[in-house]
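Residue strings, one per chain:
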Amino acid sequence: MTNEQTIRTTCPYCGVGCGVLVRTGDGIEVAPDPEHPANLGRLCSKGSALAETVGVQGRLFQPLIDGQPAGWDEALDRVATKLRETIERHGPDSVAFYVSGQLLTEDYYAANKLMKGWIGSANIDTNSRLCMSSAVAAYKRAFGTDTVPCSYEDLERAKLVVLAGSNAAWCHPVLYQRLVKARREHPDLRVVLIDPRRTASADIADLHLPIRPGTDGWLWNGLLVQLAERGEGNPLYLQFVEGSEEALAAARESSPNIDTVARICGLEPERVAEFYDLWCRTERVVSVFSQGMNQSTSGTDKDNALINCHLYTGRIGRPGMGPFSFTGQPNAMGGREVGGLANQLAAHLELDNPEHRRLVQDFWQSPRIAERPGLKAAEMFQAVREGRIKALWIMATNPAVSLPDADTVRQALAECEFLVVSDCTHPTDTTRLADVVFAAQTWGEKDGMVTNSERRISRQRAFMAAPGEARPDWWIIAQVAQRMGFEQGFDWQSEADVFREHARLSAFRPEVERDFDLGALAEISDVQYRDWTPKQWPLPAERPEGTPRLFGDGQFWSDSGKARMLPITPRGPARATSEEYPLVLNTGRVRDHWHTMTRTGKSPRLSGHVVEPYAELHPDDARAAGIEEGMLVRVTGARGHIIVRARLSDNQQPGSVFVPMHWNDQFSHGSYVNRLFPVATDPVSGQPEFKHNPVRVEPWQAGWYGFLLSRREVDLSHATYWAKSRGKGIWRYEIAGSEPVKDWARCAREVLCTESCGVNWIEFYDAGRRTYRAARLEEGRLESCIFIGPSHELPPRDWLIAIFEQDEIDEATRRSLLTGKPGAGQEDAGRIVCSCFGVGLNTIRKAILEQGLTTPEAIGERLRAGTNCGSCVPELRSIIEQTLAEQSEA
Ligand SMILES: Nc1nc2c(c(=O)[nH]1)N[C@H]1C(S)=C(S)[C@@H](COP(=O)(O)OP(=O)(O)OC[C@H]3O[C@@H](n4cnc5c(=O)[nH]c(N)nc54)[C@H](O)[C@@H]3O)O[C@H]1N2
Ligand SMILES: Nc1nc2c(c(=O)[nH]1)N[C@H]1C(S)=C(S)[C@@H](COP(=O)(O)OP(=O)(O)OC[C@H]3O[C@@H](n4cnc5c(=O)[nH]c(N)nc54)[C@H](O)[C@@H]3O)O[C@H]1N2
Ligand code: SF4
Ligand SMILES: [Mo]
């Protein structure tokens, strides 16, 4: 019997916050919600593949104590007792919470309340410190409050959109698609991309400025100077703004003219002039900023230099204009609302303001209230390492992979007196180190609210039962609080109870004026909460429909009531390159993976686009170092090294190398990039540098290269390098070893035939070429196969993956397994480019050459590639360019 129903919920990945329709019945089907204002009927590749990531694979079913399954009572009591004892013995600051922008607002609110109101410390910080904290600090310095003034609609109503340090095509794909559509409909809309790399987002850019890494401050200061020289200051708006003279003076100091800016930023003066002309003459301009600006030791200053230009021209708070920080995580914004950062209180109230502290304590009726800021993420882990923090509770984040200096973090976690981790997945690189692991519910199982980049609050709704005994995070926190003796503040019966309290707090004592106001929701009923439709805060009692834009009227919540332009003296990166470490390491995201891969790593559809960790280098740098495409290379930084695949591309500027942030110990042999460099943070925001770390890249001399495809997971102790990825019904391993193997036959059997009798095994060894191939067949089907050779040039993989789908292996296929070459009728589709329809690179190239296709649209018509979510369209265009260029050379 099927019980079909459709649930409206919100995508758990990025801060775009797309509405999703989930149909449950025989299986789960995911479709875009045409009514959600964020996505208006679109989803990207990750959202479209959500159904492949739910379910029991890799899930934790019940709590663990010292790695052993335990009951909830025992685990909760253990944590409550240990926290209470630690506080009694060493004081409230000896415990800390490290939480996440992937918690729902209710979870986040509960964690913050427990730490700041009951434990009485502000030692709660969040992975948003690694993500949004420079943007938060910059908004607060400029506006007095952490208020994003814009709406998504402004992207469509603008005449100029600048993407500063944002790869929206891959990281905010639905906003990017909205831009693509807007450009089609309004040909006069211009897009400028500022990024040292030529990313997929360059596909819609009229102008790409491949800026020298870390120099954005000079560029934005230069723009301010030009605005002043061209009389673009807005005297009416400047009445509401303080500090313009000082800001201008500082800008003139660093960036007096276009030539100086061009020289420092490594750009052609004509291109800089073009950018300045566009910005100066366009009233409706949105400047988007993201991690290329934020994740820097001067990120806050860079963000303020950008915001300065909007304040100076009054291009803010009206349709089609404003400085727009795209938030990363689904609830980064919600975390800011509840005060998840160590230097905030709750409901956008300030920790260092006694009146605000009193307000929150009176509302909570709490025994205590934190009186001074707690430790920011990097400091917190330093304190764990030094034993100042003795008990740490991590929720919904994987710091063993995502924090800088990750090996030191791992050591600190291993040595921490008492480590608790709440996660839905186990093992992760972090849960492995925990004394207690709480089994958390996750997307699809839990209910609550999230707030996206445009301040829009949406519901996540459960549509399936949680596996085993997993529980929602707010419940786990409330249970621990109650068992610590704090019954009265944590006796909520439901998510709706928590949310109502959060909304009421935001409107408590309205005489204390503030931006964040959910007064209209203070009495939200359970039914209204259930049926909530997305709206943008502020949602004061008198404006229940919400607020799309702010500050158009020049009213700010700062002490003076005015905004502030900051005098910015740009600084270069904290760590310069040297003879020993000559390249700048830039890190970030790939299209189809999410962070530490705990979710997207489960999806065959999302794992085919990039199957292993890589370092992308400019061909000149590669040549100088003796590196070829496809080789394995060692990337070495001041703290350690990793081995990854080399990719050569002139999208990279010389002197830079890009490595994705995603790979961890579960999917590779220690190729997590954050182990390379020490911590360096922005002095204002505490946000770590992730985009500018000096490294060296050199060939890694492998004794052998290989790959292995298998229906079962295998143990790879023989390999010095391995990376694994999910294929349809199989696992794919790329492997290599440093030492030559004497007896391949024995070694391969050891790995693939753990049980020896009755195994149907075929193999081939070519001593001259030093290649070895073997396959294991089971009931006529291919069970696993392995290919080894002396160099990285090995047979293609994708036609082999297709053989796993055959029910019967015929003689010809058997032969091709041993020769390592596709036989007649077997095509190698190549690496997956379009993950929605599984269309491979070779198929696309063939169609371009044989059918004379010259546009992504034509490819879409023939192969369907790019016609669902559109995320691969930029890549299709560059494949066309490259294929045609190669054809004309040939
Ligand atoms: N596919 C995918 N999407 C995601 C995520 C994911 O894991 N996967 N994560 C989400 C999260 S939490 C976040 S925070 C966002 C991040 O979204 P983005 O900020 O767009 O992504 P990143 O790849 O971290 O970095 C953006 C760009 O900054 C550039 N950059 C590096 N140095 C500089 C510089 O000095 N100046 C300038 N101007 N640019 C520079 C990089 O080359 C990179 O292309 O993505 C969200 N969306
Ligand atoms: N080198 C480098 N490092 C970076 C960055 C970079 O650009 N470069 N970017 C930084 C940024 S912007 C970010 S946001 C971070 C992200 O880094 P992390 O937050 O560490 O990454 P995730 O993989 O998203 O970790 C989320 C964890 O929460 C678990 N989880 C999922 N749902 C739930 C739930 O409902 N409850 C609980 N309790 N657990 C759940 C998942 O299984 C997973 O283990 O990485 C940062 N690190
Ligand atoms: S853009 Fe993609 S990942 Fe982001 S919320 Fe929308 S569907 Fe999810
Ligand atoms: Mo992020």
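The rules behind the values
Residues numbered from 1 in each chain as written. Chains lettered and ligands numbered in written order. Predicted model: local features only at pLDDT ≥ 70, side-chain atom pairs only at ≥ 80, totals over all residues. Heavy atoms only, no water. Near = heavy atom within 4 Å. Polar contact = N/O pair within 3.5 Å; in protein donor to acceptor, adjacent residues only side chain to side chain. Areas by Shrake-Rupley, 256 points an atom, 1.4 Å probe, with all protein chains shown as cover. Helix = DSSP H or I, 4+ residues; strand = E, 2+ residues; numbered from the N terminus. Nonpolar A, V, L, I, M, F, W, Y, C, P; charged D, E, K, R; others polar. Axes fitted to C-alpha atoms, helices over the stretch in contact; angles between N-to-C directions. Parallel < 35°, antiparallel > 145°, perpendicular 65-115°, else oblique. Left-handed = near helix turned anticlockwise from the far one by under 90°. Contact = heavy atoms within 4.5 Å. Pairing = 2+ DSSP bridges. Buried < 20%, exposed > 50% of the residue type's maximum accessible area, 1.4 Å probe, protein only.

K.L.:
What should I look at first to understand the site of ligand 1 in this one?
P.N.:
Neighbouring ligand 1 are 33 residues; Asp195, Gly214, Ser290, Arg589 and His593 lie closest to it. Between ligand 1 and the protein, one listed contact pairs a nitrogen atom with a backbone N or O atom of Gly165 at 3.4 Å. The side chain of Asn586 places a nitrogen or oxygen atom 2.8 Å from an oxygen atom of ligand 1. Considering ligand 1 on its own, with 910 Å² of exposed area, one finds that the protein chains cover 99% of that surface. Looking at the shell around ligand 1, the elements that each hand over two or more residues are α6 (168–171), α13 (291–294) and β21 (583–588). A per-class count over the shell around ligand 1 returns 10 nonpolar, 16 polar and seven charged.

K.L.:
Quick question: what am I supposed to make of the packing of helix α2 (residues 72–90) against helix α20 (residues 473–483) here?
P.N.:
Between two packed helices, the angle of one axis relative to the other and the distance separating the axes together describe the packing. For the pair α2 and α20, interaxial distance at closest approach is 8 Å and the crossing angle is 60°. Classified by the angle their axes make, α2 and α20 are oblique. Judged by the sense of rotation from one axis to the other, the crossing of α2 with α20 is right-handed. Where α2 approaches α20, its residues Trp72, Asp73, Leu76, Asp77, Val79, Ala80, Leu83 and Arg84 are matched on the opposing element by Trp475, Ile476, Gln479, Val480 and Arg483.

K.L.:
What is the right way to look at the sheet that holds strand β22 (residues 614–617) in this model?
P.N.:
Sheet strands line up and pair through hydrogen bonds in the backbone, either parallel or antiparallel. Spatial ordering of the closed barrel is given by β21-β25-β22-β24-β23-β26, a layout of six strands whose pairing is mixed. Strand-to-strand twist across the sheet, computed as the mean angle between neighbouring axes with direction ignored, equals 45°. Both strand β23 (residues 632–637) and strand β26 (residues 693–699) contribute to a ladder of four bridges, which runs antiparallel. When the sheet's bridge partners are listed, Val635 is paired in β26 with Val697.

K.L.:
Would you explain the site of ligand 2 in this entry?
P.N.:
In the vicinity of ligand 2 lie 32 residues, with Gln102, Ser402, Asp423, Thr596 and Asn674 positioned nearest. Residue Asn674 places a side-chain N or O atom 2.7 Å away from a nitrogen atom belonging to ligand 2. When isolated, ligand 2 has an accessible area of 930 Å², and the protein chains bury 98% of it. Of the residues belonging to the shell around ligand 2, the class tally is nine nonpolar, 17 polar and six charged.

K.L.:
Is there a simple way to think about the packing of helix α8 (residues 216–229) against helix α10 (residues 244–254) in this case?
P.N.:
Relative orientation of the contacting elements α8 and α10 amounts to 115°, with a least axis distance of 8 Å. Here the hand of the crossing between α8 and α10 comes out left-handed. Contacts between α8 and α10 involve Trp218, Asn221, Leu224, Val225 and Ala228 on the former and, on the latter, Ala247, Leu248, Ala250, Ala251, Arg252 and Ser254. Grouping the amino acids of the contact of α8 with α10 by side-chain chemistry returns eight nonpolar, two polar and one charged.

K.L.:
Explain the sheet that holds strand β17 (residues 448–451) to me, please; I cannot follow it from the model alone.
P.N.:
The sheet built from three strands is open, its strands ordered β17-β18-β19 with antiparallel pairing. Edge positions in the open sheet fall to β17 and β19 (535–536), since each of these has one partner strand only. Direction of pairing for β17 relative to strand β18 (residues 456–460): antiparallel, over a ladder of four bridges. Bridging across to β18, Gly448 finds its partner in Gln460.

K.L.:
I keep staring at unusual backbone geometry and nothing clicks. Help me out?
P.N.:
The general pattern is negative phi for most residues beyond glycine and trans for most peptide bonds. Following His426, the chain continues to Pro427 via a peptide bond in cis, the omega torsion being -5°. Looking at the secondary structure, you find Pro427 in the loop between β15 (418–423) and β16 (436–439). Here Trp537 and Pro538 are connected by a cis peptide whose omega angle stands at -5°. Inspection of the secondary structure assignment puts Pro538 in the loop between β19 and β20 (563–564). Of note in the backbone geometry, His348 takes a positive phi value of approximately 60° without being a glycine. Relative to the helices and strands, His348 resides in the loop between α15 (332–338) and α16 (354–364). By relative accessible area, His348 is classed as buried at 10%. The phi torsion at Arg864 lies on the positive side, around 70°, for a residue other than glycine.

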